[in-house]
Amino acid sequence: MDGNILKKIKALPPLDDTIIKIQRICTDKHSSMNDLVKVVEGDPMLTANILKSSNSPLYGFSREIKNISHAVSLFGMATIRGFALSSAIKQNIKIDLSPYNLSNTQFLNISVLQSALMFNWFSKVNREMLDVLVPASFMMEVGKIVIANEITEQKLEQEFQSKLAAALTPSDISNLEKETVGFSNEQITAKIFEQWNLEEELVETIRYSNTPQNVDEHIQAYAVPLQAVKNSINIFGQLEENAIASSLEILQNGNLEKEPFLNAIEKVKQ
């Protein structure tokens, strides 16, 4: 990987102790929900952020979630882990996505929408797969933070934005990122995940989220849903009809049923 980009990745702050503990609990089959609740409740700011995320209307729960125990019981450990990782990024990493014509709020809202769609979808398909899919959907655009920084530093904003205007799909953006800085968001995000010692399934799911056909069947099972979500919600728009139509083609190619996906979209839209 290019030295400049690698330095920027290495300069990112490490995950704090609370997030590392959450990570260990969520990947340890012998851990319990109570273990997770105790760790989260020990961090008041994280607790507040998770409860705020949990009560988003995107999830459609009928009554307010007032404590972490309730949140964990409704969402499961994987989604709480996703909320925690997302919170860590917002608090610890300087975000400037102006080369992508995105405000920080827009960028963070996209990640929330992506993860909400994934949760509402796969909670009805295969909840065990949420262990990888929810954190991946929360975090799959993190590499753009590093890319945007490099574009600004190299004074390539105008050139990048001019070409970005002609892009049509997430794959077009990845190709433009590689053309501009040498690496795509997916490659850089995977490298960041490796640096944070996140599990290999998560790393490889991100890495192949644009090209699931190029990886083995196990990772492909995760990468295809991630590609469909990314295709439906991205910097071009959120849940546009043409994007949903092309996402349905992705599902067909991946032998996934369209009905649960469309039901999840309706829930997020409401």
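None of these values were measured; they are calculated from a predicted model. (Residues numbered from 1 in each chain as written. Predicted model: local features only at pLDDT ≥ 70, side-chain atom pairs only at ≥ 80, totals over all residues. Heavy atoms only, no water.)

Chemist: Describe the packing of aromatic side chains, with residues and values.
Modeler: Scanning the entire structure with this criterion turns up 11 aromatic pairs. A ring pair is formed by Tyr59 and Phe119, whose centres lie 5.7 Å apart and whose planes are at 80°; its orientation type is edge-to-face. Of this pair, Tyr59 sits in the loop between helix H4 (44-54) and helix H5 (68-75) while Phe119 sits in helix H7 (residues 104-122), and the two are 60 residues apart along the sequence. Among the residues examined, Tyr59 registers a relative accessible area of 2% and is labelled buried. Here a set of aromatic residues connected by ring pairs shows up, and it is made of Tyr59, Phe61, Phe75, Phe83, Phe119 and Phe138. (Phe/Tyr/Trp six-rings, centres within 6.5 Å; stacked < 30°, edge-to-face > 60°. Helix = DSSP H or I, 4+ residues; strand = E, 2+ residues; numbered from the N terminus. Buried < 20%, exposed > 50% of the residue type's maximum accessible area, 1.4 Å probe, protein only.)

Chemist: Lay out helix H8 (residues 130-139) in plain terms, naming residues and giving numbers.
Modeler: Within H8, 9 of the 10 residues are buried, which leaves it mostly tucked inside the rest of the structure. Regarding H8, the residues found buried are Leu130, Val132, Leu133, Val134, Pro135, Ala136, Ser137, Phe138 and Met139. Structurally, H8 contributes buried residues whose contacts are with helix H6 (77-92), H7, helix H12 (185-195), helix H13 (200-207) and helix H14 (217-232). (Contact = heavy atoms within 4.5 Å.)

Chemist: A description of the packing of H7 against H14 should follow, citing residues and the corresponding values.
Modeler: It is the contact of H7 with H14, at a shortest axis distance of 10 Å, that shows an interaxial angle of 135°. In this view, H7 runs oblique relative to H14, as classed from their interaxial angle. In this structure, H7 crosses over H14, and the sense of that crossing is right-handed. Every residue of H14 that contacts H7 at Gln114, Leu117, Met118, Trp121 and Phe122 is listed here: Pro225, Leu226, Ala228, Val229, Lys230 and Ser232. Grouping the constituent residues of the contact of H7 with H14 by class yields 8 nonpolar, 2 polar and 1 charged. (Axes fitted to C-alpha atoms, helices over the stretch in contact; angles between N-to-C directions. Parallel < 35°, antiparallel > 145°, perpendicular 65-115°, else oblique. Left-handed = near helix turned anticlockwise from the far one by under 90°. Nonpolar A, V, L, I, M, F, W, Y, C, P; charged D, E, K, R; others polar.)

Chemist: If you had to explain the side chain of Asn185 to someone new, which residues and values would you point to?
Modeler: Among the secondary structure elements, Asn185 is positioned in helix H12. Here Glu141 takes part through its side chain, which lies 3.4 Å from a polar atom of the side chain of Asn185. Those residues within four positions of Asn185 in sequence are excluded, and the remaining contacts are Met140, Glu141, Val142, Gly143, Lys144, Ile147 and Glu177. (Polar contact = N/O pair within 3.5 Å; in protein donor to acceptor, adjacent residues only side chain to side chain.)

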